Amino acid sequence: MARFIVRRLLVTIPVLFGIVFVVFILARVVPGDPCRAVLGERATDAVCDAFIQRYGLDKAIAPGLYKVGSTWEFRPTDVPATLVDNQFTSYLGQLAQGDLGTSIKHSRPVTRLLVERLPTTIELTLVAMLFAVVVGIPVGLLSAYRHNSTVDVGSMVFANLGVSMPVFVLGLVLAFIFAIVLKDTPFALPPSGRLSSGVTVKPLVEVWGLQGMEGLPRGLLDFLSGIYTISALITGQWGAWLDAVRHLILPAIALGTIPLAIIARITRSSLLEVLGHDFVRTARAKGLKERSVVLRHGARNALLPVVTIIGLQLGALLSGAVLTETVFNLAGVGRTMFEAITGRDYVVIQGFTLLIAVVYVLVNLVVDVSYGYLDPRIRYR
Amino acid sequence: MTAPDTPLSPVSPLTPAAGDTLARERPASLWRDTLASILRQRSAVVGLAILIFLVVVAVFAPLIATHDPNQSLLGVEQGVLKREGSCIHALGCPADQPEHIFGTDGNFRDVFSRVVFGARTSLTIGFAAIAFAIILGTIIGAVSGFLAGGVDTVAMRLMDVILAFPSLLLAIAIVTAAGRSLVNALLAIGIVSVPIYARVARSAVLATREADFVTASRALGESSLGILWRRILPNSLTPLVVQGTLGIGAAVLEIAALAFVGVTGDLSNAEWGSMIGLERNQLFSAPHIILAPGLAITLTVLGFNLLGDGLRDALDPRLNR
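Visitor: How should I be thinking about the overall build of chain A in this particular structure?
Guide: Helix and strand content of chain A: 15 helices and two strands. Structurally, chain A occupies a C-alpha span of about 85 × 55 × 45 Å along its principal axes. Relative to all contacts within chain A whose residues are 6 or more apart in sequence, the contacts with residues 24 or more apart total 71%.

Visitor: What am I meant to see in the environment of Ala175(A) here?
Guide: Looking at the element boundaries, Ala175(A) is found in helix H7 (residues 167-181). Looking at Ala175(A), the number of C-beta atoms within 10 Å reads 23, which means it is buried. Excluding residues that lie within four positions of it along the chain, Ala175(A) makes contacts with Pro191(A), Leu250(A) and Leu283(B).

Visitor: Mind showing me how you'd approach the nonpolar core here?
Guide: In a soluble, globular protein the nonpolar side chains are often hidden away together inside. Counting residues in each nonpolar core, the largest one holds 165 residues, and the members touching the most others are Ala171(B), Ile172(B) and Leu258(B). With 18 residues, helix H11 (residues 238-275) of chain A is the largest single contributor of residues to this core. The contact partners of Leu258(B), leaving out residues within four places of it in the chain, are Ala171(B), Ile172(B), Val175(B), Ala185(B), Val263(B), Thr264(B) and Gly273(B).

Visitor: What am I meant to see in helix H12 (residues 272-279) of chain B here?
Guide: Because an α-helix packs 3.6 residues into every turn, residues spaced three or four apart end up facing the same way. Burial runs high along H12(B): eight of the eight residues are buried. Buried within H12(B) we find Trp272(B), Gly273(B), Ser274(B), Met275(B), Ile276(B), Gly277(B), Leu278(B) and Glu279(B). Packing partners of the buried residues in H12(B) comprise H7 of chain A together with helix H5 (111-147), helix H11 (237-261) and helix H13 (288-315) of chain B.

Visitor: In this structure, what is going on with the interface of chain A and chain B? I would like to understand it.
Guide: Reports of interface size often rely on the accessible area that becomes lost once the parts have come together. Facing 34 residues of chain A, the contacting portion of chain B comprises 34 residues. Those elements that provide at least two residues to the side of chain A that touches chain B are helix H1 (2-29), helix H6 (150-164), H7, helix H13 (290-327), helix H14 (333-342) and helix H15 (346-374) of chain A. Ranked by residue count, the leading element in the side of chain A that touches chain B is H1(A), at seven residues. Tallied by class, the residues present in the side of chain A that touches chain B amount to 27 nonpolar, seven polar and no charged.

Visitor: Could you clarify how one ought to interpret helix H10 (residues 224-232) of chain B in this entry?
Guide: Residues and elements named next belong to chain B. Of all the positions in H10, only Ile227, Leu228 and Ile232 are classed as buried. Buried positions in H10, seen along its axis, are confined to an arc of 100 degrees and lie on one side of it. Of the exposed residues in H10, the ones pointing more than 90 degrees away from its buried face are Leu225 and Arg230. Among the structural elements, H5, helix H8 (182-209) and helix H9 (212-219) are those in contact with the buried residues of H10.

Visitor: Looking at this structure, I do not really get the packing of H13(A) against H15(A). What am I missing?
Guide: The packing of two helices is summarised by the inter-axis angle and the distance between the axes. Residue and element names in this part refer to chain A. Where H13 meets H15, the closest approach of the two axes is 10 Å, and the angle between their N-to-C directions is 180 degrees. Between H13 and H15, the crossing angle belongs to the class labelled roughly antiparallel. For the pair formed by H13 and H15, the contact residues are Arg300, Leu303, Leu304, Val307, Thr308, Gly311, Leu314, Gly315 and Leu318 on the first element and Ile356, Tyr360, Val363, Asn364, Val367, Ser370, Tyr371 and Leu374 on the second. Tallied by class, the residues present in the contact of H13 with H15 amount to eleven nonpolar, five polar and one charged.

Visitor: Would you explain the environment of Thr121(A) in this entry?
Guide: All names here are of chain A. For Thr121, the location among the structural elements is in helix H5 (residues 110-145). Classification of Thr121 by C-beta neighbours within 10 Å gives buried; the count is 25. For the pair Thr121 and Leu100, spaced 21 residues apart in sequence, the C-alpha to C-alpha distance is 19 Å. Those residues within four positions of Thr121 in sequence are excluded, and the remaining contacts are Ala321, Gly332, Val333 and Gly334.

Visitor: What should I look at first to understand the environment of Gln97(A) in this one?
Guide: Residue and element names in this part refer to chain A. The residue Gln97 is located in the loop between helix H4 (87-96) and H5 in this model. Gln97 gets classed as exposed once you count the C-beta atoms within 10 Å, which come to 7. Residues Gln97 and Gly40 lie 57 residues apart in sequence; the distance between their C-alpha atoms is 32 Å.

Visitor: What is the right way to read unusual backbone geometry from this model?
Guide: Leave glycine aside and you will find that most residues have negative phi; peptide bonds, for their part, are mostly trans. Residue and element names in this part refer to chain A. Even without being a glycine, Asn148 presents a positive backbone phi close to 70 degrees. Mapped onto the elements of the fold, Asn148 is located in the loop between H5 and H6. What makes Asn148 exposed here is the crowd of 8 C-beta atoms within 10 Å. Non-glycine residue Asp184 carries a positive phi angle of around 70 degrees. Mapped onto the elements of the fold, Asp184 is located in the loop between H7 and helix H8 (204-207).

Basis of the calculations
Residues numbered from 1 in each chain as written. Chains lettered and ligands numbered in written order. Predicted model: local features only at pLDDT ≥ 70, side-chain atom pairs only at ≥ 80, totals over all residues. Helix = DSSP H or I, 4+ residues; strand = E, 2+ residues; numbered from the N terminus. Contact = placed C-beta atoms within 7 Å. Buried ≥ 20, exposed ≤ 12 C-beta atoms within 10 Å, placed from the backbone. Core = buried A, V, L, I, M, F, W, Y, C linked by C-beta atoms within 7 Å. Nonpolar A, V, L, I, M, F, W, Y, C, P; charged D, E, K, R; others polar. Arc of directions from axis to C-beta. Axes fitted to C-alpha atoms, helices over the stretch in contact; angles between N-to-C directions. Parallel < 35°, antiparallel > 145°, perpendicular 65-115°, else oblique.

Below you can see the structure in the form of structure tokens.
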């Protein structure tokens, strides 16, 4: 098992390297110069020259490859001289030291931005996924168990609608229903932001009196503080916790509905297939309770494809997060990436992309490892 | 097998009327069989009905729309002074107010006409993006599956890199890099969809590559390209068609998302996503301006999804019916 994990991690290194390189180049293909995108169209040439010097944007991008203004130049004679000293190698050098660079637009380290923005997205996607799994799997199991019943047809119609409705339309519809139609009822929910104005969640370092702490532990604590539903819970800030949860419900439903529908459909078809197998008939013939046949013999064998789908949904969830964060005004990874791409903030694009890629790789590893747990016949080599 | 005792009489023993019906019944053909099994799938029929409706709307948009979708009616028409949030003709309106089935938007344009014309944009772009993705993906997947070895490894790792990235963010990046326009959005969606078709095509090629009829063609001296084009690809079409149908639905969703976040350039185009993006702040005062295009997107995607599911159930030989 350990060997399998190590091998899998080694295999992903070329993929990660490829991603870093592609994104590095892609980020620089964006037309228009970053100076005027950041400092404004009226920035003078002198100011821009200083800006370009400061961020090393005048250096070769890759060996022999230059970008002057908004045109590209390949100077073959420069290849040897810039083989080691170019923007890409210096970026790799930074990466090796755990430095993701400094955002041009925000004038802050990307790692700091991540500590601030990532918790929002992690909280949102995890709760959305939890919602999708907790509702989707039982609905799928029930639909398969009561095949062709009203419950089955009804939930599959719902699932079809669920995968067909854009995230942003569902988000806006939910916001309209819960913030306008149900206004002044106990079911009213806030349509934007993470907390009501005036409500704050005290950071963990403040609650625990650790303001002097610095470096990585401080970063991790601040990161955890950003996940409001957890930090407010462990520090007993009940009012703020409830407020954070209320703000989280609508975005999580909006984001989780497509995965929910997909999970319900896969669970249903998978269990339907499994229930036709001989070992299920044997289990029934042994006189086991129907409940035990379906849940212990059927469901356990039916969940393998479901786990694969849950892993595959991650990329889709992050795409959905861009839209959900836009609709509900959340400053998360998706929104930050969108602004970085449209604002040509190379450093942020690169750092956040690398993070997304690493998360993707790890999630897939977890999915692969969980196969062995669900199906003991699978052996890792 | 024993020969029948009496040779078959050339004259049918059936009554002339019954003989006529038999004579009229055409022999089963591959296409007729396929069509029949598709039409047996309820979801395929519903999906097909939705899509036919949408195609009709798109083709006859100028006849169905009540107004020019891009023309501001401010000053052109009496009574159009501000957003008609409260008055929706579909729900009933005072007789003296101008006729706008779904009201007018923030730029005083007729929302119904824009939704109708939006069907053209979405269907065209969805079809074109997936056609592009299928062609490029099939070439990559088929060649890489057929050649195997190093080419295969490199191509498929490249596909992994594209798949590892959230498709919407990648599409946004491509559109921003290539310049904001609907055509570039179309290409971007095509590019991010390529890996799916490359994988489908590759696995289909791998499945048929070792089949006897392929070996036979090779023994007959057919060229590699000929085998790929005439023997393997026709046998890989089914999964590509199924995936492509589902893919158009996904492409319609993605184009709407790109337009919603505002990277498709010209926002005056009648496009459902940008209609929602432009008017999303009117959600609380005039929700129908957002609901109308939102439901249109949902209906379109639903149509493609239902048809795609139905096609898969009808065409996948592994599913026993």
